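Chains, contacts and geometry: an overview
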Amino acid sequence: MVTWRKVTPVLLAVATALITLVWVFPIYWGLITSIKSLPEIMSATPTFYPRTFTLENYAAVLFGSKYVLYLRNSLSVASMVVALTLIIGATTAFALARLRFPGREWIGLLILFVYLFPGILLIVPLYQIMVRLGLYNTLVGIALTHILFTLPFSVWYLRVFFASIPAELDELAQIEGASRLHVLGRVYLPLSLPALAVVAIFAFVVSWNEYMFALILVADDSLYTLSVGIAAWVHHYTVDWGQLMSAAMLTIVPSLIFFGVLGGFFVRGLAEGAVKG
Amino acid sequence: MGPSRIREDTRQLRAARPTVTGNGVVSAAAYGKPSRVRAARWRDAGLGYALSLPALLWILTITLYPIVYNLWLSVHETGPLLQAPTFAGLRHYSAILKEAEFWKSLERTVIWTVGSLSATLLPGLGLALLLNQDFPGARLIRTWILLPWMFPIVVVAMIWVWLLEPTVGVANYALRIAGLTSQPVVFLSVDWAMVTVILTNAWRWIPFVAVNVLAALMNVPRELEDAAKVDGAGYWQRFRFVALPEILPAIGVLSLVLLMWFFNMFPLIWLITRGGPADATTILPVAIYKTGFELFLWGPSAALGVILFLFVAAMTGVYLTIIARYRIGAGGQW
């Protein structure tokens, strides 16, 4: 006999699958648009699976547009952001987790303040400051502002991680005569490789995705990052949806890799943060 | 078997929960002799400052200094290239507050924020409750549901503009096939643009809310649920008296953060509508951008920023006060 106990999970799975379609379908639609031919894309009756299959759109984006240039800019900015986030994040987190000094809690609070402070209120002054510093219209300028979004999470995440490393380890190392800095380099960093990987990938994706600062800090189209470059296509040329969706699909590849590798880990980390507030 | 019994049992179990203490700081006393203790303490402090210095410098130059500089800009008059700044007093502020356009933008900002919050929080909570159940594939979805949130905003905007395209877009096709519309719906028209951007924003943020609420739900101690079950509580009773009080703090923090983020959000609206058509989606953040980077009125743009900040600060204050009062009213518990 069929009982509710057995049927309920199946019903729940079906319901969830249907609800998940709300998120799956738009992505699916973008994907199949990118591999359809132009006549099929523009036909009045949309096709829900592609009748034609073509890589023309991808070829046009990769070889016939500035996509690769934008890609290089995005990669440069993201690498700088990852490097700076790791260095500043790890040292600050170590200081906050393991060193006792007056004002320690204030630094933690300041970083939280930065995290919550709305970026839109900084665009005018930061633009002026970057012009003054000669960093306007440079990729370095963009990277410096992206740290605004990456550092708070990194410091918080690494701090929690460092704090979970048994303190006896550094006592031992110090009795052996190692300096604090040595302890950080030889004990903490090697033990924290998974956490550092999370921070690195997070910083990469945040920088890769960021739009507002990359928009206001650059004037030359040769310095556009992917977000800014693709957005400009929509408004400057006749929209070719096939090419636009190809560009979109290529641009989400880092998010996909990120999720494939560290999805569960990241969601758990994010979740812990939310619970702790 | 009434709610009071469940509540009482839950309360007792909560009170018996161990509290976590200790911050993991190595005490300098571990080093031995007093003089060495003091030396080690000084070294620790010095190193602490040295290691925090890069972060502090960065906060100073990229956040604190710009905030002060923005205040300065807001009371000065300059040319487009910042030539010859002259003191303007509160002229920009009074001009903004007299403009009807400002009040309309503020109204749109409130509509946008409240709309986005309601379209995000309740469905997010529902999704979290669903994903908190055990069924085949649940683990997989719990993680992957967050994927769209990780997409670049420009990609989300483009995909949605394409779905909602008036002539060959699939949304209009679906509406036509379902017999709901005879004329194509122009989703980004003056009448519909705000609804469209709010729903697109909700699409992006519901998974984020769901994952966060889900984490809080999973942290609800098993004993509490089991005790309530023994007391004969049904699903809704358990949610109302056991789970909800446990996850309310998380939801409180989450909605405050979302409130602040939505109120100050620029990229999604800018990418989809550029504030149009006819300013129908020009919320204050969009107005700040347009005033500064299209009209080059830096002073007024900075003043708008300060006004927006004051609103956010006031809202946060009100929100925290309400929460504090509720907390006290509920006997120290959420």
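What counts, and where the lines are drawn
- Residues numbered from 1 in each chain as written.
- Chains lettered and ligands numbered in written order.
- Predicted model: local features only at pLDDT ≥ 70, side-chain atom pairs only at ≥ 80, totals over all residues.
- Helix = DSSP H or I, 4+ residues; strand = E, 2+ residues; numbered from the N terminus.
- Buried ≥ 20, exposed ≤ 12 C-beta atoms within 10 Å, placed from the backbone.
- Contact = placed C-beta atoms within 7 Å.
- Domains from an automatic or database assignment.
- Nonpolar A, V, L, I, M, F, W, Y, C, P; charged D, E, K, R; others polar.
- Core = buried A, V, L, I, M, F, W, Y, C linked by C-beta atoms within 7 Å.
- Axes fitted to C-alpha atoms, helices over the stretch in contact; angles between N-to-C directions.
- Parallel < 35°, antiparallel > 145°, perpendicular 65-115°, else oblique.
- Left-handed = near helix turned anticlockwise from the far one by under 90°.
- pLDDT = per-residue confidence, 0-100.

1. A few points about the overall build of chain A
- Each helix and strand in chain A was counted, giving 14 helices and zero strands.
- Reading chain A from its N terminus to its C terminus gives the helix and strand order α-α-α-α-α-α-α-α-α-α-α-α-α-α.
- The dimensions of chain A, computed from C-alpha atoms along their principal axes, are 75 × 75 × 30 Å.
- When burial is assessed residue by residue, chain A has 46% of its 277 residues classed as buried.
- A sequence separation of at least 24 residues applies to 77% of the contacts in chain A between residues at least 6 apart.

2. Describing the overall build of chain B
- The helix and strand inventory of chain B stands at 14 helices and two strands.
- At a minimum sequence separation of 6, the contacts of chain B that also span at least 24 residues come to 69%.

3. Concerning the domain arrangement of chain A
All names here are of chain A.
- Taken domain by domain, chain A consists of domain 1 (4-54) and domain 2 (60-276).
- Between domain 1 and domain 2, the residue contacts involve seven residues of the former and six residues of the latter.
- Put simply, the parts of the chain that give the side of domain 1 that touches domain 2 at least two residues each are α1 (4-34) and α2 (38-41).
- If one sorts the elements of the side of domain 1 that touches domain 2 by residue count, α1 sits on top with four residues.
- Partitioning the side of domain 1 that touches domain 2 into residue classes produces three nonpolar, three polar and one charged.

4. A short note on the nonpolar core
Residue and element names in this part refer to chain B.
- Counting residues in hydrophobic clusters, the biggest one holds 154 residues, and the most contacted among them are Ala157, Ala210 and Val213.
- Setting aside residues up to four positions removed in sequence, Ala157 forms contacts with Leu268, Leu271 and Ile272.
- Formed by five residues, the second largest nonpolar core is a distinct cluster that contains Leu224, Ala228, Phe241 and Val242.

5. Points about the packing of α1 of chain A against helix α7 (residues 153-163) of chain B
- Interhelical geometry of α1 of chain A versus α7 of chain B gives an angle of 80° and a closest axis separation of 10 Å. In terms of orientation, α1 of chain A and α7 of chain B fall into the roughly perpendicular class. Contacts between α1 of chain A and α7 of chain B involve Pro26, Trp29, Gly30 and Thr33 of chain A from the former and Ile159, Trp160, Trp162 and Leu163 of chain B from the latter.
- The residue inventory of the contact of α1 of chain A with α7 of chain B, partitioned by class, reads six nonpolar, two polar and no charged.

6. Here's the deal with the packing of helix α7 (residues 139-163) of chain A against helix α10 (residues 193-209) of chain A
All names here are of chain A.
- Remark: α7 packs on α10, axes separated minimally by 10 Å, with the N-to-C direction vectors making an angle of 165°. Taken together, α7 and α10 sit at an angle that is classed as roughly antiparallel. Taken as a pair, α7 and α10 cross one another with a handedness that is right-handed. For the pair α7 and α10, contact is made by His146, Phe149, Thr150, Phe153, Ser154, Tyr157, Leu158 and Phe161 and by Ala195, Val198, Val199, Phe202, Ala203, Val206 and Ser207, respectively.

7. Structural notes on the environment of Arg176 of chain B
- Structurally, Arg176 of chain B can be placed in helix α8 (residues 170-177).
- Along the chain, Arg176 of chain B and Gly232 of chain B lie 56 residues apart, while their C-alpha atoms are 49 Å from each other.

8. So, the confidence of the model for chain B
All names here are of chain B.
- Of all residues in chain B, 86% have pLDDT values of 70 or greater, and the mean over the chain is 84.
- A low-confidence stretch, residues 18-32 (pLDDT under 50), is modelled with 18 contacts involving residues beyond four sequence positions or located in other chains.
- For this predicted complex, the interface score ipTM comes out at 0.88, alongside a pTM of 0.86.

9. A closer look at the environment of Trp23 of chain A
- You can see Trp23 of chain A is positioned in helix α1.
- For the pair Trp23 of chain A and Leu226 of chain A, spaced 203 residues apart in the sequence, the C-alpha separation amounts to 23 Å.
- Setting aside residues up to four positions removed in sequence, Trp23 of chain A forms contacts with Ile145, Pro148 and Pro207 of chain B.

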